[in-house]
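Structural description and commentary
Listed below are the residues making up each chain.
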Amino acid sequence: MFLQQLINGLSLGSIYALIALGYTMVYGIVKLINFAHGDIMMMGAYAGYFVLIFMGPTIPGMIVAFAVSMVFCALLSLVIERFAYRPLRNAPRLNSLITAIAMELILQNVMRVLPFVGPNPRQYPTMELRNYALGSVSISNLQLIVIISSIILMVILNVVVNYTKTGKAMRAVSYDYQAASLMGISVNKTIAITFVIGSVLAGAGGVLYATAYPQIDPVMGYMPGLKAFVAAVLGGIGSIPGAMVGGVLLGVAETLTKGFISSQYADAISFSILIVILLVKPTGIFGSKKTVKV
């Protein structure tokens, strides 16, 4: 029973980790909590939904759904960053936070009023469920798709951030964007790329989440977005490895709660973890204290 819940938690946690990476990357660059990130995930899930309705839930259909979802979310994030966040970059942080909440509400309600979407939940097309026995536990083909896809995307992200010129520019802007601009780095371009990468991961996370829990609606991104934020804080917001570890830990904690206590307490446990980590170690697992000279 414990091992089975552990596998379930790894599947859910890998989705939280993908979404949390968007939170932590944007915060690391511009110190903004992008609360619209969960709804970008929702938009990605809908983009994948229409592809799968057209092509069917086959392997080629899933690949195209991933590609379309990630491209759509990347373009959407460029528009949001350019017209909603960039004008407020030098404004007080509260202004940007309120704008992020407004973008969340705008995305939800735009989808609710679109005639080909609407407010009602829809069944998500998924592949035929097959279970594979691993000793006393079983893992489904959908869980394998979720876990393997998440690992591949997180490995690609690590390569981009640590071993490419773009990643070096992102780390430089995160450390000191004024000094980075003096060294010839385009700060606006680097921030836009960071939003795009985070949203690409959110789009993939939306398809994976809808595949694992096959029902979508315009507010489906609200709760996963909040839990991914908890995962980012748990791991240390601003830390990419922290977001990955925090997402997995939160997913495991949630599924263990459902399996051994009650599913009614799963959300309460998730947000209790946020309160505890803020009280005990506000910087998170991988976070570090910063000394500011005054």
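Residues numbered from 1 in each chain as written. Predicted model: local features only at pLDDT ≥ 70, side-chain atom pairs only at ≥ 80, totals over all residues. Heavy atoms only, no water.

1. Looking at the overall build of the protein
For the protein, the helix and strand inventory stands at 11 helices and four strands. For a compact globule of 294 residues, the expected C-alpha radius of gyration is about 19 Å, and the protein comes in at 19 Å, within 12% of that figure. Along the first, second and third principal axes, the C-alpha set of the protein runs to 55 × 45 × 35 Å. Looking at the protein as a whole, 49% of its 294 residues qualify as buried. Within the protein, contacts between residues at least 6 apart in sequence are counted, and of these 75% link residues at least 24 apart. For the protein, the exposed area adds up to about 14,400 Å²; of that, 68% sits on carbon and sulfur atoms. Measuring between centres, the 18 positive side-chain charges of the protein sit 13 Å from its 8 negative side-chain charges. (Helix = DSSP H or I, 4+ residues; strand = E, 2+ residues; numbered from the N terminus. Rg over C-alpha atoms; globule rule 2.2 N^0.38 Å. Buried < 20%, exposed > 50% of the residue type's maximum accessible area, 1.4 Å probe, protein only. Contact = heavy atoms within 4.5 Å. Areas by Shrake-Rupley, 256 points an atom, 1.4 Å probe, with all protein chains shown as cover. Lys, Arg positive; Asp, Glu negative; His and termini not counted. Charge placed at Lys NZ, Arg CZ, Asp CG, Glu CD.)

2. Concerning the layout of surface pockets
Its volume calculated, the second largest pocket comes out at about 570 Å³. Every residue lining the second largest pocket is counted, 25 residues in all, and those nearest its centre are Ile 29, Val 30, Lys 31, Arg 89 and Arg 93. For the lining of the second largest pocket, the elements supplying multiple residues, two or more each, are α1 (2–30), α3 (59–85), α4 (93–113), α6 (165–175) and α8 (187–212). Of all the elements, α4 adds the most residues to the lining of the second largest pocket, at four residues. Counted by class, the lining of the second largest pocket contains 15 nonpolar, three polar and seven charged residues. (1 Å grid on protein atoms, 1.4 Å probe; cavity = no way out; pocket = protein on both sides within 12 Å on 5 of 7 lines; lining within 4 Å. Points joined across faces, edges and corners; volume = space filled by probe spheres on them. Nonpolar A, V, L, I, M, F, W, Y, C, P; charged D, E, K, R; others polar.)

3. So, unusual backbone geometry
The phi torsion at Lys 31 lies on the positive side, around 55°, for a residue other than glycine. Here Lys 31 is to be found in the loop between α1 and α2 (37–55).

4. Notes on the pairing of strand β2 (residues 131–134)
Summarising the sheet, β2 and strand β3 (residues 137–140) pair through four bridges and their orientation is antiparallel. Residue Tyr 132 lies in a different strand from β3, and its bridge partner there is Ile 139. Count of turn residues in the β2/β3 antiparallel hairpin: two residues, of which Gly 135 carries a positive phi of about 70°. (Pairing = 2+ DSSP bridges.)

5. Some remarks on the confidence of the model for the protein
Scored by pLDDT, the protein comes out at a mean of 88, with 97% of its residues at no less than 70. By mean pLDDT, β2 is the weakest element of the protein at 78, and α2 is the strongest at 93. (pLDDT = per-residue confidence, 0-100.)

6. Concerning helix α9 (residues 222–235)
Relative to the 20 Å expected for 14 residues at 1.5 Å per residue, α9 spans 20 Å between its end C-alpha atoms, a close match to the ideal helical length. The element α9 is extensively covered by neighbouring structure, given that 11 of its 14 residues are classed as buried. Packed against the buried residues of α9 are α1, α2, α8, α10 (240–260) and α11 (266–280). Looking at the residues trailing α9, positive phi occurs at Gly 236, about 110°. (Expected span 1.5 Å × (residues − 1).)

7. Brief notes about a nonpolar patch on the surface
Together, Met 1, Phe 2, Leu 3, Leu 6, Phe 260, Ile 261, Tyr 265 and Ile 269 give the surface a local cluster of nonpolar side chains, amounting to about 810 Å² of exposed area. Top element by residues in the nonpolar patch is α1. It accounts for three residues. As for its position among the elements, Met 1 is in the segment before α1. (Patch = residues over 30% accessible without salt bridge, like charges linked within 9 Å, V, L, I, M, F, W, Y side chains within 5 Å. Salt bridge = Lys/Arg side-chain N within 4 Å of Asp/Glu carboxyl O.)

8. Observations concerning α4
The first and last C-alpha atoms of α4 sit 31 Å apart over 21 residues, in line with the 30 Å expected at 1.5 Å per residue. Considered for burial, the residues of α4 that qualify are Ser 96, Thr 99, Ala 100, Met 103, Glu 104, Leu 107, Gln 108 and Met 111. Those residues of α4 that are buried lie in contact with α2, α3 and α9.

9. A word on the packing of α3 against α4
Contact geometry of α3 with α4 gives a least axis separation of 11 Å together with a crossing angle of 135°. Here α4 runs oblique to α3, going by the angle between their axes. Seen along the crossing, α3 lies across α4 with a hand that is right-handed. Listed contacts from α4 to Leu 76, Ile 80, Ala 84 and Tyr 85 of α3 are Ser 96, Thr 99, Ala 100, Met 103 and Leu 107. Broken down by class, the residue content of the contact of α3 with α4 amounts to seven nonpolar, two polar and no charged. (Axes fitted to C-alpha atoms, helices over the stretch in contact; angles between N-to-C directions. Parallel < 35°, antiparallel > 145°, perpendicular 65-115°, else oblique. Left-handed = near helix turned anticlockwise from the far one by under 90°.)

10. What to know about the environment of Ile 240
Structurally, the position occupied by Ile 240 is in helix α10. When the C-alpha atoms of Ile 240 and Met 111 are compared, they prove to be 30 Å apart, with 129 residues separating the residues in sequence.

11. Brief notes about the packing of aromatic side chains
Summed over all chains, the structure comprises eight aromatic pairs. Aromatic side chains Tyr 23 and Phe 229 sit 5.9 Å apart centroid to centroid with 55° between the ring planes, which places their arrangement in the tilted category. Here Tyr 23, found in helix α1, pairs with Phe 229, found in helix α9; they are 206 residues apart in sequence, far enough to count as distant. Geometrically, the ring pair formed by Tyr 49 and Phe 50 is edge-to-face, given 5.2 Å between the ring centres and 75° between the ring planes. (Phe/Tyr/Trp six-rings, centres within 6.5 Å; stacked < 30°, edge-to-face > 60°.)

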